[in-house]
Amino acid sequence: MNPPDPRSVSPIRTGRVTSASGPVLVTGGSGHLGANLIRRLLLDGVEVRALAREGSNNTALDGLPVERVHGDLRDPEAMMKATKGCSLVYHCAAKLSTTSGHEQEIFDCNVLGTRNVLRGALSAGVRRVVVTGSFSAVGYDMQNPSRPTSEDVPFYPFHKMMPYECSKAFVETEVLRAAADGLDVLVATSCAILGPHDFKPSRMGRVLRDFANGKMRAYIPGGFEFVSAHDLCEGHLLAMEKGRTGHKYIFSSKFVTVDELMDIYEEVTGERRPFLRLPPPVMAGIAAVTSFVLTRYFPKVPQRLTPGAVRILRLHRRADTSKARDELGFHPTSVKQAVQEAYEWFAGRGEIARPRRTLATAPGEVSPSGADAGAQKVPAADVTADIRRDAAAS
């Protein structure tokens, strides 16, 4: 039996059309993707409910006109409460790690947490759910890893994989299970994100910030698929609007080598790249030793180039985004623009020691209200100006 023509599938619209049947739930609202997606939804006039975890850094939500609900993905009852009354759900939350030693937490948060969110959505009568997937859970040609891969390439579980990669593959199994139970759900697959509103910050955000501050001592050649925060948000909206139930769609802006990324960083920041360009085999050995020591004795110290990260960069994996382009109308923008926006955002927060240029004086602030009255204020530009420019670009 041939699959249905995606053009004949009745779309479920959101993002550009305000839903009148209840708020839209975004899990992981304090993360890099969630922070950008919430701002995009607010710009489109959508009523947003954001899931936040007690004790986590939820600065990304400060000053935003959203309904906060607190809960842990691993708590089924909390997910029932979070999804109750919602019309749509974007499940962006995940435990991301490229190190070992967190296997149980990764499984519980990513796999069981997704199951809890989807069961809550089904029980609450949510119209549609988009689950954020990972390009690391998309299979590839073992003989030629740099050959572009699509959503149809199966994940091979017997190669050396990070726990996070395996967990995201199991997340897709939970999506299919929920679809079989009658939930309208699909997957929006993300590559490495670049862009603003990176409050925690992400691994790539730390790399850019360290580069701009002259704290990056070395790098290795390699390459990966990168996606701008703008493009990934747009992809999630398109998936919600036009995607087929049970399917997944890969969203990437461009494959970029590390050397090309260093070129962009130099141009954007005005700083020089590190002198040391280490051969990948050498870096792999160094990463194995340092990761072992840091994981065992200094677990709270951030690790930039872990053995898993080095392995991924050495594969030079490329994505085939033709399905998202053909079925959803996805049109990626610029990686350089994403880096520029991220740099200006970090500089505007005072996290760049010597900004390359003086940023425009921020306009008035958005005043928090209600339960968040004592929270930190954020520039109004964070809520509207940047995403309005992005929306116009799309």
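Since the structure is predicted, the reported quantities are computational estimates derived from the model, not experimental observations.

**With respect to the confidence of the model for the protein chain**
In the predicted model, the protein chain carries a mean pLDDT of 84, and the fraction of residues at 70 or more is 77%. The low-confidence segment residues 1–20, where pLDDT is below 50, has 35 contacts with residues more than four positions distant or belonging to other chains. Contacts for the low-pLDDT stretch residues 358–394, under 50 throughout, to residues beyond four places or in other chains number 51 contacts.

**Let's talk about helix H1 (residues 32–43)**
Structural remark: α-helix, 3.6 residues per turn; residues separated by three or four positions point the same way. Helix length check: H1, at 12 residues, gives a terminal C-alpha distance of 17 Å against a target of 16 Å (1.5 Å per residue), a fit within 8%. For H1, a buried count of 12 out of 12 residues is recorded, marking the element as mostly surrounded by other parts of the structure. Where H1 ends, the next residue or the one after it, glycine 45, has phi of about 80 degrees, a positive value.

**Some words on the sheet that holds strand S5 (residues 128–134)**
Taking strand neighbours across the sheet as the criterion, the 7 strands line up as S3-S2-S1-S4-S5-S6-S10 in an open arrangement whose pairing is parallel. In this open sheet, the two edge strands, each paired with only one partner strand, are strand S3 (67–70) and strand S10 (248–251). Across this sheet, the average inter-strand angle for adjacent strands is 20 degrees, counted without regard to direction. As paired strands, strand S1 (residues 24–27) and strand S4 (residues 88–91) are joined by 4 bridges and run parallel to one another. Residue pairing in the sheet places leucine 25 in a bridge with valine 89 of S4. Here H1 sits on the sheet and contacts S1, strand S2 (48–52), S4 and S5; the angle it forms with S1, its principal contact strand, is near 160 degrees. Sitting on the sheet, helix H6 (residues 229–242) touches S4, S5, strand S6 (185–190) and S10, and the angle it makes with S5 is about 140 degrees.

**Topic: the pattern of salt bridges**
With the rule as written, the count across this model stands at 21 salt bridges. For glutamate 67, the salt bridge is made with arginine 49, and the minimal N-O distance between the two is 3.1 Å. In this pair, glutamate 67 is assigned in strand S3 and arginine 49 in strand S2, connecting sequence segments 18 residues apart. Residue glutamate 67 is classed as partly exposed on the basis of its relative accessible area, which comes to 34%. Residue lysine 95 is joined to glutamate 105 by a salt bridge in which the shortest nitrogen-to-oxygen separation is 4.0 Å. On the criterion of sequence distance, the pair formed by lysine 95 in the loop between S4 and helix H3 (103–124) and glutamate 105 in helix H3 is long-range, its members being 10 residues apart. Under the relative-accessibility criterion, lysine 95 is labelled partly exposed at 24%. Judged by its relative accessible area of 31%, glutamate 105 is partly exposed.

Rules used in this analysis
- Residues numbered from 1 in each chain as written.
- Predicted model: local features only at pLDDT ≥ 70, side-chain atom pairs only at ≥ 80, totals over all residues.
- Heavy atoms only, no water.
- pLDDT = per-residue confidence, 0-100.
- Contact = heavy atoms within 4.5 Å.
- Helix = DSSP H or I, 4+ residues; strand = E, 2+ residues; numbered from the N terminus.
- Expected span 1.5 Å × (residues − 1).
- Buried < 20%, exposed > 50% of the residue type's maximum accessible area, 1.4 Å probe, protein only.
- Pairing = 2+ DSSP bridges.
- Axes fitted to C-alpha atoms, helices over the stretch in contact; angles between N-to-C directions.
- Salt bridge = Lys/Arg side-chain N within 4 Å of Asp/Glu carboxyl O.

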